[in-house]
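Structural description and commentary
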Protein chains: 8
Amino acid sequence: MKRQKRASNEYMAMIDWDRQDRQGFPEVVYCEGKTDEQCCSILSSLANTYDVCMGTRARPSIYNQLLPYISDIQYDELSRIIYVNRVPLHINGDRIIAVVTAGTSDIPVAEEAALTAELMGNQVNRIYDVGVAGIHRLFSRLDEIQEANVVIAVAGMEGALVSVLGGLIKKTLIAVPTSIGYGANFQGVAALLAMLNSCAAGVGVVNIDNGFGAGRLAHIINSQR
Amino acid sequence: MKRQKRASNEYMAMIDWDRQDRQGFPEVVYCEGKTDEQCCSILSSLANTYDVCMGTRARPSIYNQLLPYISDIQYDELSRIIYVNRVPLHINGDRIIAVVTAGTSDIPVAEEAALTAELMGNQVNRIYDVGVAGIHRLFSRLDEIQEANVVIAVAGMEGALVSVLGGLIKKTLIAVPTSIGYGANFQGVAALLAMLNSCAAGVGVVNIDNGFGAGRLAHIINSQR
Amino acid sequence: MKRQKRASNEYMAMIDWDRQDRQGFPEVVYCEGKTDEQCCSILSSLANTYDVCMGTRARPSIYNQLLPYISDIQYDELSRIIYVNRVPLHINGDRIIAVVTAGTSDIPVAEEAALTAELMGNQVNRIYDVGVAGIHRLFSRLDEIQEANVVIAVAGMEGALVSVLGGLIKKTLIAVPTSIGYGANFQGVAALLAMLNSCAAGVGVVNIDNGFGAGRLAHIINSQR
Amino acid sequence: MKRQKRASNEYMAMIDWDRQDRQGFPEVVYCEGKTDEQCCSILSSLANTYDVCMGTRARPSIYNQLLPYISDIQYDELSRIIYVNRVPLHINGDRIIAVVTAGTSDIPVAEEAALTAELMGNQVNRIYDVGVAGIHRLFSRLDEIQEANVVIAVAGMEGALVSVLGGLIKKTLIAVPTSIGYGANFQGVAALLAMLNSCAAGVGVVNIDNGFGAGRLAHIINSQR
Amino acid sequence: MKRQKRASNEYMAMIDWDRQDRQGFPEVVYCEGKTDEQCCSILSSLANTYDVCMGTRARPSIYNQLLPYISDIQYDELSRIIYVNRVPLHINGDRIIAVVTAGTSDIPVAEEAALTAELMGNQVNRIYDVGVAGIHRLFSRLDEIQEANVVIAVAGMEGALVSVLGGLIKKTLIAVPTSIGYGANFQGVAALLAMLNSCAAGVGVVNIDNGFGAGRLAHIINSQR
Amino acid sequence: MKRQKRASNEYMAMIDWDRQDRQGFPEVVYCEGKTDEQCCSILSSLANTYDVCMGTRARPSIYNQLLPYISDIQYDELSRIIYVNRVPLHINGDRIIAVVTAGTSDIPVAEEAALTAELMGNQVNRIYDVGVAGIHRLFSRLDEIQEANVVIAVAGMEGALVSVLGGLIKKTLIAVPTSIGYGANFQGVAALLAMLNSCAAGVGVVNIDNGFGAGRLAHIINSQR
Amino acid sequence: MKRQKRASNEYMAMIDWDRQDRQGFPEVVYCEGKTDEQCCSILSSLANTYDVCMGTRARPSIYNQLLPYISDIQYDELSRIIYVNRVPLHINGDRIIAVVTAGTSDIPVAEEAALTAELMGNQVNRIYDVGVAGIHRLFSRLDEIQEANVVIAVAGMEGALVSVLGGLIKKTLIAVPTSIGYGANFQGVAALLAMLNSCAAGVGVVNIDNGFGAGRLAHIINSQR
Amino acid sequence: MKRQKRASNEYMAMIDWDRQDRQGFPEVVYCEGKTDEQCCSILSSLANTYDVCMGTRARPSIYNQLLPYISDIQYDELSRIIYVNRVPLHINGDRIIAVVTAGTSDIPVAEEAALTAELMGNQVNRIYDVGVAGIHRLFSRLDEIQEANVVIAVAGMEGALVSVLGGLIKKTLIAVPTSIGYGANFQGVAALLAMLNSCAAGVGVVNIDNGFGAGRLAHIINSQR
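Sequence order sets the numbering: in each chain, residues are counted from 1 along the sequence as written. Written order decides the labels, with chains lettered from A and ligands numbered from 1. With the structure being a predicted model, the display of local features is reserved for residues of pLDDT at least 70 and the display and counting of side-chain atom pairs for 80 or more, all residues being used for whole-chain, interface and lining totals. Side-chain measures here rest on the full set of heavy atoms in the structure, leaving out hydrogens and waters.

Where an unreviewed UniProt entry is consulted, chain A appears under the name 1-(5-phosphoribosyl)-5-amino-4-imidazole-carboxylate carboxylase, with the organism given as Veillonella montpellierensis DNF00314.

Next up, the structure:
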């Protein structure tokens, strides 16, 4: 029962190589909860196979360990995405995804959504810090938002941005609650509940701080022909 | 240990007769959880002493039992308030309390707030069904709201009305979450959390469906000289 | 302060007549929490103005009161939708919305989604009772599901259907948790959490039992050109 | 898609310059969740424009970075408020805001409320550590409290101070639950629920540890003429 | 596998006949969740064996079915206790248990505590409706409370009575939260948390609405020599 | 879009006919949340195909509607199981499943477990009302329990029976929390948490009130050769 | 508004000097949430006045700062109690308080209870690690427990020890849930709920990890004559 | 009252030496919440008595302190199990326990289950990273899983693996939710609720991250003859 006798790859991931064919983009690595060793192993395999691939919630240490071996790997500190993007996917400039945030604290989650959408081949328009406490800021950029094909609204606190936007636009609205707040915010639960209960019907909600999920959902919708 | 040997008034309330002096309005009876007998006994005592007094969350049966004895008792079905108002308190028409609701389903709670404020001697302006899903409805009545001295915002679902209003007015804003909604609304918890976390700072929140508390708080603020 | 002196319409809704222009479909009435009188008043106004309009979570009593006045009003008991559909909106038969349920108990919520989507002008394919406990049932109808442009997955209990579907299809997946279950299901919370945490990235979740929201979101996505 | 190519200010806040006009005080910066860089940028802009402005939940590092550039910036460690107060707003000494705490552990939150109110131009009377476990301490200072125009009660644990005060004063009472406590306190939830359910009607509650919100609400009420 | 073939007593309770010896009072029947048939069977057995015995949360139908067979069985509607008390246990009039309530709505739970204590042989002093919103009511009866050997405080809403009492008396204080309240009261959770977090140390808390448990605990303490 | 034009079986279940082969017993119908029509349709199909089949949480009305068509259908009121059992499965009398309850109120859930196990071909020994408040009752029947091959412990309130049993037996222990209790019991959550956290390691827990799941799990384990 | 101009003692506690008279023991300092400076100031004042006094949840740094000034101050690392005990209160050796734990991890909380009781003048018998998973350990020491006048049961995980003890002893039982456990233990909530719902009636529960409260309650009961 | 006067072993554990006889394996030490000193003391005693024994959730420091004294003690970093295994228990190679995980992040919990089962004398087959997002990975190893006598499914996020597996296998399925996830995952609550509500009946669930409990339960079932 000596642990060291086992092949070390027994504890490594079983990559879903079929994902690219089945869903149009390689498996994305969720780095949290995995060891650096596991993350590097999976990301190496992916980066050696695909021109575009990515991992989310990555620590800088993963990037530092991979860089000597994969010279074109990139790391975005704000969104914590690690990726290669050798041959960017074709971007249709007419179909814009708008990523809107209520405050500046919501930007890291918004960037996870934006960069995900970009890597999957979408044009993104960032419209940050337009929360409803100063609603004129939102109205001053409403035209831009309405021109988008899909809108991702990212908000913490009470998430009211989603309900206001939901009543003003015709296109798909994706809501991302963030964990920004304190006390009875319960790490984003207040915003999550607000978005699920939005009086503006027809909003698709993702998990708290799940910028990646929102970016991917926006991409799927935007890819629809 | 025979129960019937006890004086029946042992189970009756100990009315806070000092309340009128201490806080400017007689004790208000919260009827829920009390028997009809208890409610009638307390309300009779109050109505025989004061020209203006009230009970909240009253059942029609209480009104029906009291009417033969207190001919000028009144009952408002919508707000479930039972009251006498023989010599209405002086109303200062320059200091208006605006009661604003997001939807029509929020009206019963709003009416509890409005009627409470009126009985305590305030001028009330009702502005109902101006939720943010159709935000032009709110803007079309914003002047009226801004003219008020105190604003009570009543909303269920995700309660976004409070945050939008909070960014647009200079005067005191009181927020009342209602239990309107379903699923992840959790009987008003979603709206309550949203209001407590409102990005519009300086909002005073009361309990879910507590129109009475909001009306009373608005009255206290409005009475300030 | 006599309540009866007030114009009764003070307590009536302020219909968002602009909604049709702004968002392409008239305001939809959420009947729960409104009195029959309020529901009938709003629905009458809408039905006298539009050829297609609808209310959700309607009680039969509302239908019975409206029928003498609006002879072509219809009521669907299963989904509890009340509607008129005089001149059905054009349906594009190539863009199908698949509504999939895990069990038979989920059908009422699924029907709310399906009928909403149909009234808004979409072709719907119902695929019911294909939950993962007998996963061959799901695979036997996977082709149909994959042909759809948008998929709505409706499930209670633990909502695992969403994760399995999410790994198998390329198109947009909307998840509707239902309150079917007992004990630690907490009226749909178990399914809601499962869907928000789905390992299949890119799923848009709506509130528990919110078939209407899912139908409307699917319609918005399906309308995208 | 090189991140560094973007203008760095794309990730900076969109300051609500209109706030001063609309609500009588410049936008207040909530520093938590923002990077030092973001906080300094916003605070610099505000301090260069206004004589009085402030940020809450500020880390000392923000103060240290700003001091070389804004020599009159001040930092209060207890309340974690960073501010400039060059030309203090006029204080009406007749309208006092009393800030009352149950214990000494509640003082940091109380100071956030007190300093906020002071910066906005109010006279504040601090009455600390008068919780109900030794209720004579409260009664010994009741006169002072009753003389105030607005009372802010700050309490953790079970928050009983609010209910006792609420029955003893005629003026507006604002309740601030703090996260002081352990176990079934749930980081302030026990106090929050107690305050929302206070048998003393007419209390306005703010979020857990939200001294700023309480200070601002007290200021709005105190400013009313 | 015919159900009817089984002896019907297979589904009957296994009475803990040893309880009287082990703990000084016969097993007490918790009637909720048991069928009338089960309750009557257990109560008959007990009443045929002991001179004093009782059941809690009893429905009137149980009393009506037992009365023809046990002529001296008694039922107290307020507390829902069913009991026989043929040879009352000796009461020591010097050791009084005070049962104190915050409001009149708390009386049924208080009566469950009081009657339990009386049946077990204690002298009880009822002091009802002395909640802290009108704290002079409490002080006017403080002497009586301080004379008691054990005090049971029964309160719903925010349960502040417990903390105030806890700071004023030297003797044992038992706290009973009640489910009186609404909204963020969560059926007594607010009061329960307040009592568990009371700043007045040394309070023993029982379950929400558990008057019986409080009465029994008070009896055990009162019996101590 | 006429609802009546659809084949009514579109809303009927898609029975998992393969279940018997795959898992050794036909699909079991969960009747709650299904209409009588749906339940009867599924149960008819099953009863016409199999000699032994069952439905759980069945209402008497389902039984009454089926009886004229399926004369040997049986209904057990206590457990709410509807079933046919024409050719009972072989029972191995040496491998006993013990079903143990803490109180009499837990019996309906226990019977759901017991009858499920019996219908699947197991010998069941019922040992009811042996909760730990009178632990000698448990010890007096411990031999019987220890003789069983699998033990199902059914308990509400605080579920302590499971931990005590878990320390005393060598065989598999399955824990079923019931919703018996009130207040801070939260409809069985207290017992569920207790069982999940049992200091007696190696206990398999099922959902609150899920007697069926426990019976089935016991059967699977008991069938193991 | 210079902070440094204020007298530093404005932020110091208002000691309840009356507590000793009113409740028989000086105010006890809860050190968590207070600065070292505040703790030392209060403890110095108390130690200079009383021969016996104490603080709970104290950090070693407080002890280290006080030791040079109060040479007989003592600190118990296990229970985190800081105290002076110059003239120990008279201990009645006939009235023992038993402190019982389920596991070894519960000992720090148990020691807080035990040392509190000892400082207040009680004889304590420690009986540790006798949880129900190996119930013979409990029975082997049952005589000792039954001889005690008051029993404090300290347990984490699922807290079953309380229910078993509650059925076996005649004297007062105080239950202390601890935060020992993980996962669905929720930092002691599982044990807290179990103890509140104990089938053994008449148990007084204190907050999670509140050894001090239990020790004080036991002392009050034990002091009763 | 000098603490140091007490025998230090008063704070040491009371080992359940009878456990081996009663349940077939020595007491297993849960190291979390115990001091290094306590853990070492207990583990030494056990290792000096038994050839096979173990502790869970052990810190490396415990291993480092024990190694000089117990040269054959082993520590597995991944599962955090510390153990001696001098004379491995006989393993029946025909009765395999399959440990299956949804992702690579679930492996530490899975290893706790696997190593526990191995130490108790079972053959374990590890099948990792076969979650349902890429369901072909699961099907590709289904034969292996179906050959096992007992299956342990370990999953975080939404835990859908359990429901899919539950519908595909005939043998006992044990479900272990892990705390892998974020946001509305609530440290494993989402997976726990999903598993308790699984539509695949007959699943035994253990606490979040409780690999040990699952391994032990699997062993008990696997040992059954």
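**A closer look at the overall build of chain A**
Helical segments are the DSSP runs of H or I of at least four residues, strand segments are the runs of E of at least two, and each set is numbered from the N terminus. Broken down by element type, chain A carries 9 helices and 9 strands. Over its C-alpha atoms chain A spans a radius of gyration of 19 Å, differing by no more than 12% from the 17 Å that the globule rule assigns to 225 residues. Principal-axis analysis of the C-alpha atoms gives chain A an extent of 65 × 40 × 30 Å. Accessible area is worked out with a 1.4 Å probe on protein chains only. A residue is then buried under 20% of its type maximum, exposed over 50%, and partly exposed in between. The burial tally for chain A puts 67% of its 225 residues in the buried class. Across chain A, contacts joining residues at least 24 apart in sequence account for 66% of those joining residues at least 6 apart. The protein chains shown are the only cover counted for residues, whose accessible areas, like all others here, come from Shrake-Rupley with a 1.4 Å probe. Carbon and sulfur atoms make up 49% of the accessible area of chain A, which totals about 7300 Å². The charge count treats Lys and Arg as positive and Asp and Glu as negative. His and the chain ends do not count. Lysine's charge is taken at NZ, arginine's at CZ, aspartate's at CG and glutamate's at CD. Side-chain charges of chain A comprise 19 positive and 23 negative groups, with the mean position of each set lying 7 Å from the other. What the globule rule says is 2.2 Å times the number of residues to the power 0.38, and the radius of gyration is computed from C-alpha atoms. Any two residues having at least one pair of non-hydrogen atoms within 4.5 Å are treated as being in contact.

**Examining the sheet that holds strand β4 (residues 81–85) of chain C**
Picture the strands of a sheet paired through backbone hydrogen bonds; they go either parallel or antiparallel. Residue and element names in this part refer to chain C. Across the sheet, 4 strands lie side by side as β1-β2-β4-β3; this open sheet has mixed pairing. Two strands lie at the open edges of the sheet, namely β1 (29–30) and β3 (74–76), each paired on one side alone. Against the sheet, helix α2 (residues 36–47) contacts β1, β2 (52–56) and β4, and its axis sits at roughly 165 degrees relative to β2. In short, DSSP must find at least two bridges between two strands for them to pair. Fitted lines through C-alpha atoms give the axes, limited to the stretch in contact for helices. The angle between two N-to-C directions lies from 0 to 180 degrees.

**A closer look at the pattern of salt bridges**
Residues and elements named next belong to chain E. By salt bridge we mean one thing: a side-chain nitrogen of Lys or Arg within 4 Å of a carboxyl oxygen of Asp or Glu. For the structure on display, the rule yields 96 salt bridges over all chains. When the shortest N-O distance is used, the salt bridge between R22 and D16 registers 3.0 Å. There is no split in this pair, since R22 and D16 are both buried. For E32, the salt bridge identified is with R80, shortest N-O distance 3.8 Å.

**Digging into the UniProt feature "domain: PurE" (unreviewed entry) in chain A**
UniProt positions are given in the numbering used here, feature names are shortened, and annotations may be inferred rather than shown by experiment. Summarizing the sequence annotation, UniProt attributes the feature "domain: PurE" (unreviewed entry) to residues 95–224 of chain A in the numbering used throughout. Helix makes up 40% of residues 95–224 of chain A and strand 20%, and the two end C-alpha atoms of the span are 11 Å apart.

**Let's talk about the packing of helix α4 (residues 107–119) of chain H against helix α9 (residues 211–223) of chain H**
Residues and elements named next belong to chain H. At a minimum axis separation of 7 Å, α4 and α9 run at an interaxial angle of 35 degrees. When you trace α4 past α9, the crossing you get is right-handed. Mapping the contact onto sequence places V109, E112, A113, T116 and A117 in α4 and G211, F212, A214, G215 and R216 in α9. Among the residues making up the contact of α4 with α9, the classes are represented as 5 nonpolar, 3 polar and 2 charged. Two helices crossing with the near one rotated counterclockwise from the far one by less than a right angle form a left-handed crossing, whereas a clockwise rotation gives a right-handed crossing. Think of it as three bins: nonpolar holds Ala, Val, Leu, Ile, Met, Phe, Trp, Tyr, Cys and Pro, charged holds Asp, Glu, Lys and Arg, and polar takes everything else, Gly as well.

**Describing the relation of the copies chain C and chain F**
Between chain C and chain F, which share one sequence, the superposing operator has a rotation angle of 90 degrees and an axial displacement of 0.0 Å; the RMSD is 0.0 Å. Classification of the inter-copy transformation places it as that of a four-fold axis. Relative to the rotation axis, the closest C-alpha in chain C is found at F186 of chain C, a distance of 7.4 Å. To superpose the copies, least squares is applied to the C-alpha atoms of every residue with a pLDDT of at least 70 in both.

**Regarding the environment of V99 of chain B**
All names here are of chain B. With respect to the element layout, V99 can be found in strand β5 (residues 96–101). Separated by 68 residues in sequence, V99 and C31 have C-alpha atoms that sit 24 Å apart. Setting aside residues no more than four positions away along its own chain, V99 makes contact with A110, A114, V124, N125, R126, I127, Y128, I152 and V154.

**Regarding the domain arrangement of chain A**
Residue and element names in this part refer to chain A. For chain A, the assigned domains are domain 1 (18–85) and domain 2 (96–223). Each of domain 1 and domain 2 has a C-alpha centre, and the two are 25 Å apart. Each partner contributes to the interface: domain 1 provides 13 residues, whereas domain 2 provides 11 residues. The term buried area denotes the loss of accessible surface (1.4 Å probe radius) that occurs when two parts are joined, taken as the sum for both partners. Taken over both partners, the interface formed by domain 1 and domain 2 buries close to 1100 Å², and the fraction arising from carbon and sulfur atoms is 71%. Summed over the shared surface of domain 1 and domain 2, the number is 0 salt bridges. Any pair of N or O atoms that falls within 3.5 Å is considered a polar contact. Within protein, one atom must be able to donate a hydrogen and the other to accept it, and sequence-neighbouring residues count only if both atoms are side-chain atoms. The tally of links from domain 1 across to domain 2 stands at 0 residue pairs in polar contact (both at pLDDT 80 or more). Within the residue set of the side of domain 1 that touches domain 2, elements represented by two or more residues are β2 (52–56) and β4 (81–85). The class makeup of the residues in the side of domain 1 that touches domain 2 is 7 nonpolar, 4 polar and 2 charged. An automatic or database domain assignment supplies the residue ranges for each domain.

**What about unusual backbone geometry?**
The backbone of F186 of chain C shows a phi angle near 55 degrees, a positive value even though the residue is not glycine. For F186 of chain C, the position within the fold is in the loop between β8 (172–177) and α8 (189–196). With relative accessibility at 30%, the residue F186 of chain C sits in the partly exposed group. Positive phi, close to 65 degrees, is recorded for D129 of chain G, a residue that is not glycine.

**A few points about the interface of chain C and chain F**
At the interface, 28 residues of chain C touch 27 residues of chain F. Surface buried jointly by chain C and chain F totals about 2200 Å² across both partners, of which 54% is contributed by carbon and sulfur atoms. Ranking the residues of chain C by area buried against chain F places T104, R137 and Y182 of chain C at the top, with a combined share of 28%. Taken together, the links from chain C to chain F amount to 0 salt bridges. Of all the secondary structure elements, the ones that give two or more residues to the side of chain C that touches chain F are β3, β4, α4 (107–119) and α5 (135–139) of chain C. When residues in the side of chain C that touches chain F are grouped by element, the largest group, 5 residues, is from α4 of chain C. A breakdown of the residues in the side of chain C that touches chain F according to their chemical character gives 12 nonpolar, 9 polar and 7 charged.

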